[in-house]
Amino acid sequence: MAKISQNLSSESLFHFIKKLDWLLEILENKSFQARYVYENMPEAEYKAGIAMKCFCDIPLGVIKKHMNSYGKFGIGIRKSYAKKKYITPVIYFHENSDMYYRYVSTIDKNDIFGKNFSLFPYFKVDSRTTITSNGKKTTERFYDEREWRYIAGKADLIDCANLTDNEIKMKLNEMNRVLSNPRKDFLLQFEFTDITYIFVQYEKDVDKVIETIRKVDTSQLQQDRLIAKIITSRQIERDF
C-alpha cells in the first residue's frame, strides 16, 4: 500500500478575489493583471506601493480562513507554471531576524527605490499585533498564508514614506486606473492548461462562468475541461 502523508503545501497556487466580474475578466484575458498594492512594514521602516499579484500555497483542506479574508472567487494554477513565470515565495521575517538585518545593513534607501530589482517587495513580516477600536489586541499571522508573489519587473516601487494614508490611497488608485488599459509588462499571462481550479461562491455563479468559458478562444474539449474544474466555496466550506 502506498504511503500517505498529510500535505503541508499544494501542487497548486491559489489567487482569491472578492468579485465574480474580476474572475471573469481573468478568464477572458487569459492573464492576471499586476496592480499597485500598499505594503506598510513599520518593522522595516518601509512604506511602498508595489505592482504585484499575490498567491497562496495552502492545501484546500485548510484554506477556509484564507478565503474568508481574501474572497470566495479565484483561480488555482499549477505550481510548475508559477515557477516558470518567476512567481516566488516571500521572505518572512520578524523583529529579530538576522537574515533581514544582514540584508538591510548592505544597502541604502536608493537601493530600495532607485532600482527595478530591489529585493524589498519579497519581504513580509511574519505576524503583526494591533489594537482594535474597542481596545482588544488582535494578531494577524501572515506566515500562515504561505504567500508567493509575482512582481511586475519593470514597475517602479512607489516611496510612500512621507504620504498620509489618504494620499497613498489616492496615488495608488490613480496608478491602477491607468492600468485599466493593460500594459504587457504588468500582465501575467497563462494558458488554460495551467489552471487547476476555478472558484465561485455559489451555485448560481457557475452559469456565468460557463457562459464566459464558452466564449473563450479555445477548443470545445478545453472548454469542457475548464468547466470540470469549477468548484464553489460553499462546497469547500461544507466538505473539506
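To be clear, the structure that these remarks concern was listed above.
Residues numbered from 1 in each chain as written. Predicted model: local features only at pLDDT ≥ 70, side-chain atom pairs only at ≥ 80, totals over all residues. Heavy atoms only, no water.

Trainee: Sorry, what's going on with the packing of aromatic side chains here?
Mentor: Centre distance and the angle of the planes are the two values used to describe a pair of aromatic rings. Inspection of every chain in the model, using the stated rule, returns 18 aromatic pairs. Both rings, one in F93 and one in F123, keep their centres 6.1 Å apart while their planes meet at 80°; by these two values the pair is edge-to-face. On the criterion of sequence distance, the pair formed by F93 in strand β7 (residues 91-93) and F123 in strand β8 (residues 123-125) is long-range, its members being 30 residues apart. For the pair formed by F93 and F123, the shared burial category is buried. The interplanar angle of 80° and the centroid separation of 5.5 Å between the aromatic rings of Y100 and F123 together place this pair among those described as edge-to-face. Highlighted residues: Y100 in helix α4 (residues 98-104) and F123 in strand β8, separated in sequence by 23 residues. (Phe/Tyr/Trp six-rings, centres within 6.5 Å; stacked < 30°, edge-to-face > 60°. Helix = DSSP H or I, 4+ residues; strand = E, 2+ residues; numbered from the N terminus. Buried < 20%, exposed > 50% of the residue type's maximum accessible area, 1.4 Å probe, protein only.)

Trainee: I tried to follow the pairing of strand β11 (residues 147-151) on my own but got confused; where do I start?
Mentor: For a regular strand, side-chain orientation follows a simple rule: the groups alternate between the two sheet faces. In terms of residue burial, β11 counts as a mostly covered element, since five of its five residues are buried. Residues E147, R149 and I151 line one face of β11 and the alternating positions W148 and Y150 line the opposite face, and both faces are buried. One ladder, built from five bridges, connects strand β4 (residues 46-56) with β11; its direction is antiparallel. When the sheet's bridge partners are listed, K53 is paired in β11 with Y150. For strand β6 (residues 88-89) and β11, the ladder comprises two bridges, and the chain directions are antiparallel. If you follow P89 over to β11, its bridge partner there is W148. (Pairing = 2+ DSSP bridges.)

Trainee: Can you walk me through unusual backbone geometry in this structure?
Mentor: Most peptide bonds take the trans configuration, and most residues that are not glycine carry a negative phi. In this model, K30 sits at a positive phi of 50°, which is unusual for a non-glycine residue. Note on placement: K30 falls in the loop between α1 (20-29) and β2 (31-33). A residue is classified by how much of its surface remains accessible, and K30, at 23% relative accessible area, is partly exposed. Here Y86, not a glycine, exhibits a phi torsion of approximately 65°, which is positive. Checked against the element boundaries, Y86 lands in the loop between α3 (79-84) and β6. Judged by its relative accessible area of 66%, Y86 falls in the exposed class.

Just geometry here; none of it tells us what the structure is for.
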